[in-house]
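# Per-entry structural report
What follows is the residue order along each chain.
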Amino acid sequence: MGYDLNLRVWRGDSSGGELGDYTVEVEEGEVVLDAIHRLQATQTGDLAVRWNCKAGKCGSCSAEVNGRPRLMCMTRLADFDEAETITVTPMRSFPVIRDLVTDVSFNYEKAKQVPAFAPTPRDADGKRRMQQADVERGQEFRKCIECFLCQNTCHVVRDHEENKPAFAGPRLFLRYAELDMHPLDTNDRRKLSQEAAGLGMCNITKCCSEVCPENIKITDNAIIPMKERVADRKYDPLVWLGSKIRRRTDREEV
Amino acid sequence: MAQSLRHPMTGNRMDPSAEQGGHGFEAHEYDVVVIGAGGAGLRAAIAAKDAGARVAIVCKSLLGKAHTVMAEGGIAAAMGNAYPDDNWEVHFRDTMRGGKMLNNWRMAQLHAQESPERVIELEEWGALFDRTEDGLISQRDFGGHRYARLAHVGDRTGLEMIRTLQQRAVALDIDVFMECTVTEVFTESGRGGSRVSGAFGYWRETGRFVVFKAPSVVLATGGIGKSYQVTSNSWEYTGDGHALALRAGASLINMEFVQFHPTGMVWPPSVKGILVTESVRGDGGALKNSEGNRFMFDYIPEYFKAETADSVEEAEGWYADKKNNRRPPELLPRDEVARAINSEIKAGRGSPHGGVFLDIASRRDAEFIRRRLPSMYHQFKELADVDITTDPMEVGPTCHYVMGGVEVNADTEQSSVTGLFAAGEVAGGMHGSNRLGGNSLSDLLVFGRRAGHSAAYHAFRTADSKPALVDDDVRAAADHAVAPFSVEGAIENPYTIQKDLQDLMQRLVGIIRTGEELTESLAEIDKLKERAKYLTVEGHRQYNPGWHLALDIPNMLLVSECIAKAALEREESRGGHTRDDYPGPDPAWGARNLALTWNDSAGSIELKRQPLPEMPDELKPLFEDRS
Ligand SMILES: Cc1cc2nc3c(=O)[nH]c(=O)nc-3n(C[C@H](O)[C@H](O)[C@H](O)COP(=O)(O)OP(=O)(O)OC[C@H]3O[C@@H](n4cnc5c(N)ncnc54)[C@H](O)[C@@H]3O)c2cc1C
Ligand code: SF4
Ligand code: SF4
Ligand code: FES
């Protein structure tokens, strides 16, 4: 049972742009990305949009649908009234390249600053052993599909370009937390937490967790434990001293 | 590359000051250029970097978004964690039998021998696989594998793999050119044939051109599935690497073998083709028709009778006691299951939306399903309103994987063109006529690494006699790329041509083929080639998907023609190639490959029959005991 959908899509580039009004035929069971694709195939051949998997697995199709950060491929038209106009705009926290495509290089640059995983040696038989219960915390964080919707939503950088140099953002906090909780990692934990750039700027509003399409409890399971660890270690002079000494020997071995 | 600049839009590394030669485009020089950032490309780049080479990775999407990210079920490797009896010989045997013995035996052997170490290596780089009780990497059952063998992370194994490799590549500081599409591999002709001299591409964001000078190019571009209407593949799968290899002078083999995965979603229409992982069957899902029968028992081929349960009771027993029961027929290789589903639907015993039922809710409790198959649960819930912990899924075949690809040396992954290497889905030979599930991710790791090493050493060996780029070739590549903006009498919409090609491939070169339809398909492809000369492109060069598609379409047409040609030639049925007019396998065809090459002066594809490399005697006994 198809119908004509009223779609408004932001079109433009770094020099500016505007919302364009379109009418697109859509079918039962379709998602916003289907409507965008039909628009592209029939009316606006050069409409810029990113996508790959169309199944919520690759994190390419992030945008704002009626102002809410969403994956377009997982946003069903059935969730809207047929008469309602659906407005699709690019993610706001990243500079626009063109139409719905934004420059997300911020996230890739921040990723370069995360230390590499440094495991303990293998067991004698050449394998490694970890218990399922011990890997599960890290596995939750590794579900991240890098859609960057959390980065887009976090008020520390949304509309605050000036905070970007000092703030890695929730997606990257997951990376630090993941190393921190990895059963075999040998990086200095205290140092890791402190280096999780800008962790102190986060005031645990949980907006990031709310938009995460993978339902990762970013704030509760990653950010808060990391904050607690930083606090503990900073205030305990003995731990402080101990880890400082260990850090030095670690360095010598490298 | 001492001081590199950043792309103004993406922050990608670039260096416009390095414009050189007479061509005047942004230019870079590397030892090894890897085209593709999926599992194969990333693993190749890591290996080349480890060997000491200067390496660049070029990819069409953002880093981490390649197809590999979508892989669900797992990585096949005979680590013996679940079953100590498992070893490379059993894995080798399963792989060869799954491919109906048409595999390149040496590739299948290397693959089986090296994949366990490649998986453990991922763990070294941070991957967190699911564990066994003893804390080892857990291994799950999949079709065609004798033992539970797939290392996995729930049903998002590909994500774990690509993220691990991506993070490793970042840690090694490998240069990545993302959202940059390669349209040409350059060669330099000289004594003893031609050799690679570099590659040409455009930045998707700006439409500006970029030239790579390199003695070694590794193709890791993945597959061709976007040429079909119902497919699990994304927009990236336009067969670019296959076409680049052909045009550079390399040959393709096994192109007639296209894998239709038995279980894709069939409803709603918008998700038709999206994959339902084989893990559902590995973890206990049963296939049923509209009459509620487990029809797979009616489709057990002679070839697999000895190892397949022939009654529901035995199949049921297998989940608990694998020693004393044979495997359920749902876990036959994919080609068998896909054909069976196709027949049931044709016979009118399908589900309401034209599929069959896949039921895991009857066997497993909700907790188990959500833990083992979280993304399937999510996918059906969100996209189809189906709760798979209580209701059966509706599934049907979907185009999934191409067995065919660039013909390479099994040990070095070099093609017949010096300096041109291929690994992953774009390479041919490893999987013969049908790939077993889980054998792709392991293939990417094993042969990606080998290709990266070989490419690095080739570059070192030629350090004193580097191939040169020819400015005229570079300018010709640039002219070719902007041609769609100024075609006289252009009237054809690229999206329409793509759709027409998808319809035609689905209809005439699908799961079940006939000589007549294949002949018709070739005529249809010719017509599309003619129409494709008049593509119109709107707008300008900045991030313009219409233009990008216009440049992909010739690749799709070329590769589709290869598939149809080879399919018409092979007058038998084997693995991923079923001919209604030649229903059985033919031993004479079982000893031959079909190789396709591009004849540049004639402007046509040439096809040649060639003998299959013969397995050495010491491996033959592996195939004699059971049968
Ligand atoms: C839904 C799904 C589930 C799957 N599940 C499994 C599984 O459980 N187990 C398994 O073993 N296999 C599985 N497979 C198959 C497997 O995932 C793929 O075969 C494999 O990931 C291909 O990897 P690759 O490295 O060859 O290519 P890809 O990962 O597809 O990467 C191709 C790369 O090449 C780049 N590229 C292509 N053309 C160009 C160009 N012209 N210029 C620049 N860059 C280019 C792309 O941008 C991309 O980076 C699955 C496949 C799908 C679709
Ligand atoms: S919880 Fe912290 S990281 Fe998340 S949105 Fe709020 S401030 Fe940002
Ligand atoms: S944490 Fe969630 S919202 Fe953030 S990038 Fe990852 S998947 Fe997206
Ligand atoms: S297209 Fe992959 S998440 Fe939407």
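Residues numbered from 1 in each chain as written. Chains lettered and ligands numbered in written order. Predicted model: local features only at pLDDT ≥ 70, side-chain atom pairs only at ≥ 80, totals over all residues. Heavy atoms only, no water.

Rules: UniProt positions are given in the numbering used here, feature names are shortened, and annotations may be inferred rather than shown by experiment.
Per an unreviewed UniProt entry, the recorded name for chain A is Succinate dehydrogenase iron-sulfur protein, and the organism is uncultured Nocardioidaceae bacterium. Quoted verbatim from the Sequence similarities (unreviewed entry) heading of the UniProt record, the comment on chain A is "Belongs to the succinate dehydrogenase/fumarate reductase iron-sulfur protein family." Chain A has a UniProt comment under Pathway (unreviewed entry) that states "Carbohydrate metabolism; tricarboxylic acid cycle."

## Structural notes on the sheet that holds strand S13 (residues 216–219) of chain B
Residue and element names in this part refer to chain B. Short version of the rule: The criterion for strand pairing is that DSSP finds at least two bridges linking the strands in question. Numbering goes from the N terminus for both helices and strands, where a helix is a DSSP run of H or I of at least four residues and a strand is a run of E of at least two. Axis definition: a line fitted to C-alpha atoms, over the contacting stretch in the case of helices. Angles run 0 to 180 degrees between N-to-C directions. Whether two residues are in contact is decided by their heavy atoms, any of which lying within 4.5 Å being enough.
Spatial ordering of the open sheet is given by S9-S5-S4-S13-S20, a layout of 5 strands whose pairing is parallel. Looking along the sheet, the strands with just one partner apiece sit at the ends: strand S9 (175–178) and strand S20 (420–422). Adjacent strand axes in the sheet meet at a mean angle of 20°, parallel and antiparallel pairs treated alike. With 4 bridges connecting them, strand S4 (residues 32–35) and strand S5 (residues 55–59) associate as parallel partners. The partner of Val-33 across the bridge, within S5, is Ala-56. Relative to the sheet, helix H5 (residues 240–248) contacts S4, S13 and S20, its axis offset from that of S13 by approximately 140°.

## With respect to the nonpolar core
Heads up, the condition is: The nonpolar core is taken to be a set of buried Ala, Val, Leu, Ile, Met, Phe, Trp, Tyr and Cys residues, with the residues joined through side-chain atoms within 4.5 Å. Buried means the residue's accessible area, taken with a 1.4 Å probe over protein chains only, is under 20% of the maximum for its type, while exposed means over 50%, and partly exposed covers the values in between.
Of all hydrophobic cores here, the largest spans 207 residues; its most connected members are Leu-7, Ile-36 and Met-72 of chain A together with Leu-420 of chain B. If one sorts the elements of this core by residue count, helix H15 (residues 545–569) of chain B sits on top with 14 residues. Every residue in contact with Leu-7 of chain A, bar those within four places of it in the chain, is listed here: Gly-20, Asp-21, Tyr-22, Val-24, Ala-35, Ile-36, Leu-39, Ile-86 and Val-88 of chain A. Judged by nonpolar contacts, the second largest core, of 33 residues, contains Ala-177, Leu-179, Leu-199 and Cys-202 of chain A.

## Thoughts on the site of ligand 1
Residues and elements named next belong to chain B. The test is simple: Here, proximity means that at least one heavy atom of the residue falls within 4 Å of the molecule or strand. Note on areas: Shrake-Rupley with a 1.4 Å probe; residue coverage comes only from the protein chains shown. Charged residues are taken to be Asp, Glu, Lys and Arg, nonpolar residues to be Ala, Val, Leu, Ile, Met, Phe, Trp, Tyr, Cys and Pro, and polar residues to be all remaining types, Gly included.
Taken together, 40 residues lie near ligand 1, and Thr-68, Gly-73, Glu-236, Tyr-237 and Asp-240 sit nearest. Coverage of ligand 1 by the protein amounts to 98% of the 1000 Å² it exposes when considered alone. Only helix H1 (39–50), S5, strand S10 (180–190), strand S18 (393–402) and helix H11 (439–461) provide two or more residues apiece to the shell around ligand 1. Among the elements that take part in the shell around ligand 1, H11 stands out by supplying 4 residues, more than any other. Looking at the shell around ligand 1 residue by residue, the classes come out as 16 nonpolar, 18 polar and 6 charged.

## A few points about the site of ligand 2
Residues and elements named next belong to chain A. Around ligand 2, the neighbouring residues are Cys-154, His-155, Pro-170, Cys-202, Asn-203, Ile-204, Thr-205, Lys-206, Cys-207, Cys-208, Thr-219 and Ile-223. Elements that contribute at least two residues to the shell around ligand 2 include exactly helix H7 (207–211) and helix H8 (218–235). Here the shell around ligand 2 is built from residues that sort into 7 nonpolar, 4 polar and 1 charged.

## Considerations on the domain arrangement of chain A
Residues and elements named next belong to chain A. Using the following cut-off: Per the annotation, domain bounds derive from an automatic or database assignment of domains. Summed over both partners, buried area is the accessible surface (1.4 Å probe) that two parts give up on being assembled.
Domains assigned within chain A are domain 1 (3–102) and domain 2 (105–240). Centre-to-centre separation of domain 1 and domain 2, based on C-alpha positions: 31 Å. In this complex, domain 1 contributes 15 residues to the contact, which on the side of domain 2 involves 18 residues. Summing both partners gives a buried area of about 1200 Å² for domain 1 against domain 2, and 51% of it is carried by carbon and sulfur.

## Some thoughts on the packing of aromatic side chains
Threshold: Ring geometry is summarised as follows: Phe, Tyr and Trp rings, the Trp one being its six-membered ring, pair when their centres sit within 6.5 Å, and such pairs are stacked at plane angles under 30 degrees, edge-to-face over 60 and tilted between the two. By the criterion adopted, a ring carries a charge over it if an Arg CZ or a Lys NZ lies within 6 Å of its centre and within 35 degrees of its normal.
Counted according to the given criterion, the structure contains 19 aromatic pairs over all chains. Relative to Tyr-299 of chain B, the ring of Phe-295 of chain B has its centre 6.2 Å away and its plane inclined at 90°; by these criteria the two rings are edge-to-face. Following the ring pairs from residue to residue traces out a cluster consisting of Phe-25, Phe-186, Phe-200 and Phe-209 of chain B. For Lys-164 of chain A, the ring lying beneath its charged end belongs to Phe-106 of chain A, and the centroid distance is 5.3 Å.

## Examining the environment of Leu-136 of chain B
Topologically, Leu-136 of chain B is positioned in the loop between helix H3 (105–124) and strand S7 (139–140). Along the sequence, Leu-136 of chain B and Met-79 of chain B sit 57 residues apart, while their C-alpha atoms lie 9.8 Å from each other.

## Brief notes about the confidence of the model for chain A
For clarity, the threshold we go by: Scored from 0 to 100, pLDDT reflects the predictor's confidence in each residue.
A residue-level look at chain A finds 88% of positions with pLDDT of 70 or above and a mean pLDDT of 88. This stretch, residues 235–254 of chain A, has a pLDDT under 50; its non-local contacts, to residues over four places away or in other chains, come to 12 contacts.

## Notes on the pairing of S5 of chain B
Residues and elements named next belong to chain B. For clarity, the threshold we go by: Place the viewer so that the strands point away; then a crossover is right-handed whenever the path from the first strand over the helix to the second strand goes clockwise.
The buried count for S5 comes to 5 of 5 residues, which makes it a mostly enclosed element. Regarding topology, H1 serves as the crossover connection from S4 to the parallel S5, and that connection is right-handed. Summarising the sheet, S5 and S9 pair through 4 bridges and their orientation is parallel. Residue pairing for S9: Cys-59 is matched across the bridge by Met-178.

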